[in-house]
Amino acid sequence: MTRGRDILTASSKSREGGPSFTLRNRLFRALWIVAWTLLARWTPPPLHGWRRGVLRAFGAKVGKGVRIYGSTRVWYPPNLVLGDHVAIGWQVKLYNQGMVTIEDYAIVSQHTHVVAGTHDIDDPYFQLQVRPIRIGRQAWVASGAFVGPGVTVGEGAVLGARGVAFRDLMPWTVYRGNPAVEIKKRRPFTLP
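Described in the following lines is the structure provided in the data block. (Residues numbered from 1 in each chain as written. Predicted model: local features only at pLDDT ≥ 70, side-chain atom pairs only at ≥ 80, totals over all residues. Heavy atoms only, no water.)

Looking at the overall build of the chain
Secondary structure assignment for the chain yields 2 helices and 19 strands. For the chain, whose C-alpha radius of gyration is 17 Å, the value lies close to the compact-globule estimate of 16 Å for 192 residues. In terms of its C-alpha atoms, the chain occupies a principal-axis envelope of roughly 50 × 40 × 25 Å. Scored against the burial criterion, the 192 residues of the chain give a buried share of 45%. Contacts spanning at least 24 positions in sequence make up 29% of the contacts within the chain whose residues lie at least 6 apart. Counting only carbon and sulfur atoms, one obtains 59% of the accessible surface of the chain, whose full area is about 9,800 Å². Considering the chain, the positive charge centre built from 26 side chains and the negative charge centre built from 11 side chains are found 10 Å apart. (Helix = DSSP H or I, 4+ residues; strand = E, 2+ residues; numbered from the N terminus. Rg over C-alpha atoms; globule rule 2.2 N^0.38 Å. Buried < 20%, exposed > 50% of the residue type's maximum accessible area, 1.4 Å probe, protein only. Contact = heavy atoms within 4.5 Å. Areas by Shrake-Rupley, 256 points an atom, 1.4 Å probe, with all protein chains shown as cover. Lys, Arg positive; Asp, Glu negative; His and termini not counted. Charge placed at Lys NZ, Arg CZ, Asp CG, Glu CD.)

What follows is the structure, encoded as structure tokens:
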């Protein structure tokens, strides 16, 4: 689910250096960057509750017990849904031009990139395309991994360190490499 009204869909402006997003969207994001920098980026690691509040104030849906660090970069808070007890490591980049949903108890480790936008290389105007990303309940995206546009990381799936996912990852399955390939199944378990 994307914020279609904020995205130019049939304009040559992006190829000519013009914006892909409305002025309102760009002003909101500028305000967001300033607010995060002043209110959250510098905060000590234990202040997860404060950072949750800042995200909520800018339109993110954030569950209880979410741990997110000040060094995390969120591109557009209204396109972010974090379930209960999600952990977002330091230096994570959530380039959420499209919706990014991270479900309960999922972990996105440090230095990971979650990128919901790309460009149509066959379009002469090189138009922006956004596709939602979902990281399922109890999944783990390990350090330095990359999750591309439109990918669903299934419940309990693991994307190993430096792994690159451009296609869906099956539930309770472990992947590694670039591109990510299945290496084994994982035993399912249940959290509260």
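Having put the structure on the table, let's press on.
Considering the sheet that holds strand E9 (residues 113-115)
In space, the 5 strands of this open sheet follow the order E3-E6-E9-E14-E17, with parallel pairing throughout. Two strands in the sheet have a free side with no partner beyond their single neighbour: strand E3 (73-74) and strand E17 (164-165). (Pairing = 2+ DSSP bridges.)

Structural notes on unusual backbone geometry
In this structure, the amide linkage connecting Asn178 to the following residue, Pro179, adopts the cis form with an omega of 0 degrees. Among the secondary structure elements, Pro179 is positioned in the loop between strand E18 (173-176) and strand E19 (181-185). Of note in the backbone geometry, Tyr105 takes a positive phi value of approximately 65 degrees without being a glycine. Structurally, Tyr105 can be placed in the loop between strand E7 (100-102) and strand E8 (107-108).

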